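# Commentary on secondary and tertiary structure
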Amino acid sequence: MKVTRLPKDTGPAAWNAILGPAPAPNPLEGSMTADWLVIGAGFAGLAAARRLAQNNPGDAIVLLDAVRIGEGPVGRNSGFMIDLPHVLTSDNYAGADAADADDTLANRAAIDFAAAAAEEYEMPAQAIVRAGKVNGAATARGVQHNRDYAAHLTRLGEAHEMLDAAQMAELTGSRYYESGLFTPGTAMLQPAAYARGMVRGLASNRLRVHDMSPVTSLERKGQAWHATTPAGAVSAPRVILAVNGHAESFGAFRGRLMHVMLYASMTRALSDVEVARLGGAPVWGITPSDPMGTTVRRISGTGGHRIIIRNRCTYAPSLALRGEGIGTVARDHDTAFRRRFPQLADVEMEYAWAGRLCLSRNDVPAFGEIEPGLFAACCQNGLGSAKGTVNGIAAADLASGRSSVFERLQSSKASPARVMPAFLMRVGAPAVIRWRERAAGREL
């Protein structure tokens, strides 16, 4: 099959930029054979490659990515590796109790997997920090969302703590929030540092990583799959497709995936005076009580003290940004930042970017053996770091013939449901997004 679209990203991957110079690219040149091919070096592909190496000692594995490591969606992620239910199509992130309990177990195992990789590969401390997160509420409606979600967590037997306005101000330095709901299990990533660390740790004589190597065609020839890139080719009997929404570009799950674009901005590094003026803790993360609201993070370490703002969503069936770019949403980020941090009115955003997100109507992954020897670990439903890691591990276990909690959970799920016809989606999806953003009010 010829691949119909290649990844196209807008704006810099700020997480990668603040790390400093990246390793030199390593594009694939020439033809090779391998026991395994993994396409896509995001969270799912990195997890799949590591799990394959664990499952199949001695096998030759090739990992390909279309862009520089850390420059694609993995470097555009907000960096929340969330353990608990986080259903974006819900009003308060809660789904069905039984499904949420199963997903929580898998997400926690994925966080353990990522933390073990970080330790084994001697990643910097900021790559993954088990700091927990807060659902921040800025309106009465948001407060009620948090109460409803807290009730759901109580039914699941999950630990949580309600924070009042004073506690939120003490944590964040912002008096914008009326309350918050703290949950302790989330790990906060510096996603580009994590991706770079994974690639550095994985690379060996038997596991080769090639970035700047987009797969332009993928065909089955005899007992092997043959992947072509601009300057090379790989033949392998078993392939894991870990390209999230670009599964459709490979001819898989067509008409079953929904694509949106999310946006974020990152401030310049704060001065010592500005850090003192801000106050609060040096590292924290807030997801909005309303899923359409504003995500906020404060980071420290390499690149300095910075604040990240993520909000706004657009329908993106082409998997690329069209129109006027990110100018309008970047101004919305400025507004959201200044509302929350008036004491930093003179702090500018240094970076603004867009990132792709893939959803299914029924909140399930695009997973499984879709053709003989071709396995999918796609459609992370907005929780790319945790669910992508779960998906990648599960696909590697399935392809290796090994039963695991990851494989059993993902294999038990239904296939992605068909979406509405394209002409209805073009009208309906943007209308729903706009309505939900307006309903979010000050949470946005």
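Scoring rules and cut-offs
- Sequence order sets the numbering: in each chain, residues are counted from 1 along the sequence as written.
- In view of the model being predicted, local features appear only for residues whose pLDDT reaches at least 70, and side-chain atom pairs are presented and counted only at 80 or more, with totals across whole chains, interfaces and linings using the full set of residues.
- Only hydrogens and water are set aside; all other atoms, that is, all heavy atoms of the structure, feed into the side-chain values.
- Runs of H or I in DSSP of at least four residues are treated as helices and runs of E of at least two as strands, each being numbered from the N terminus.
- In this description the radius of gyration comes from C-alpha coordinates, and the expected globular size is given by 2.2 Å times residues to the power 0.38.
- Calculation of accessible area relied on Shrake-Rupley with a 1.4 Å probe; when residues are assessed, cover is drawn exclusively from the protein chains displayed.
- Only four residue types enter the tally: Lys and Arg on the positive side, Asp and Glu on the negative side, with His and both chain ends excluded.
- Charge positions come from single atoms, namely NZ of Lys, CZ of Arg, CG of Asp or CD of Glu.
- Buried residues are those whose accessible area, probed at 1.4 Å on protein chains only, stays under 20% of the maximum for their type, while exposed residues exceed 50% and partly exposed ones sit between those limits.
- In this scheme, strands are said to pair when DSSP sees at least two bridges between them.
- Crossovers are marked right-handed if the path from the first strand over the helix to the second runs clockwise, as seen with the strands pointing away from the viewer.
- The length a helix should cover is 1.5 Å for every residue beyond the first.
- Lines fitted to the C-alpha atoms define the axes, with helices restricted to the stretch that makes contact. Angles between their N-to-C directions range from 0 to 180 degrees.
- In what follows, roughly perpendicular refers to angles from 65 to 115 degrees, roughly parallel to angles under 35, roughly antiparallel to angles over 145, and oblique to any angle outside these ranges.
- In this scheme, a crossing is called left-handed if the near helix is turned counterclockwise away from the far one by less than a right angle; it is called right-handed if the turn is clockwise.
- In this description, contact between two residues means that some pair of their heavy atoms is separated by no more than 4.5 Å.
- When residues are sorted by character, Ala, Val, Leu, Ile, Met, Phe, Trp, Tyr, Cys and Pro go into the nonpolar class, Asp, Glu, Lys and Arg into the charged class, and all the rest, Gly among them, into the polar class.

### Concerning the overall build of the protein chain
Looking only at helices and strands, the protein chain features 11 helices and 21 strands. For 444 residues, the compact-globule estimate of 2.2 N^0.38 gives 22 Å, and the C-alpha radius of gyration of the protein chain, at 21 Å, lies within 12% of that figure. Along the first, second and third principal axes, the C-alpha set of the protein chain runs to 65 × 45 × 45 Å. With an accessible surface of roughly 17,100 Å², the protein chain has 53% of that area assigned to carbon and sulfur atoms. The protein chain carries 47 positive and 41 negative side-chain charges, and their two centres are separated by 5 Å.

### Regarding the pairing of strand 2 (residues 36-39)
Residues of strand 2 alternate between two faces, with W36 and V38 on one and L37 and I39 on the opposite face, all of them buried. In terms of strand pairing, strand 2 meets strand 3 (residues 61-64) through 4 bridges, oriented parallel. Opposite V38, over in strand 3, you have L63 as the bridge partner. Handedness of the strand 2-helix 2 (residues 43-55)-strand 3 crossover: right-handed.

### Some words on helix 2
Look at helix 2: 18 Å from first C-alpha to last across 13 residues, which is about the 18 Å you get at 1.5 Å a residue. Burial of helix 2 is extensive: 12 of the 13 residues sit out of reach of the surface. Of all the positions in helix 2, only F43, A44, G45, L46, A47, A48, A49, R50, R51, L52, A53 and N55 are classed as buried.

### Some words on the packing of helix 2 against helix 6 (residues 191-202)
The packing of two helices is summarised by the inter-axis angle and the distance between the axes. Put simply, helix 2 and helix 6 touch, their axes get as near as 11 Å, and they point 25° apart. With respect to helix 6, the element helix 2 is oriented roughly parallel. Considering the relative orientation of helix 2 and helix 6, their crossing is left-handed. Contacts between helix 2 and helix 6 involve F43, L46, A47, A49 and R50 on the former and, on the latter, P191, Y194, A195, M198, V199 and L202. Class assignment for the residues of the contact of helix 2 with helix 6 results in 10 nonpolar, no polar and 1 charged.

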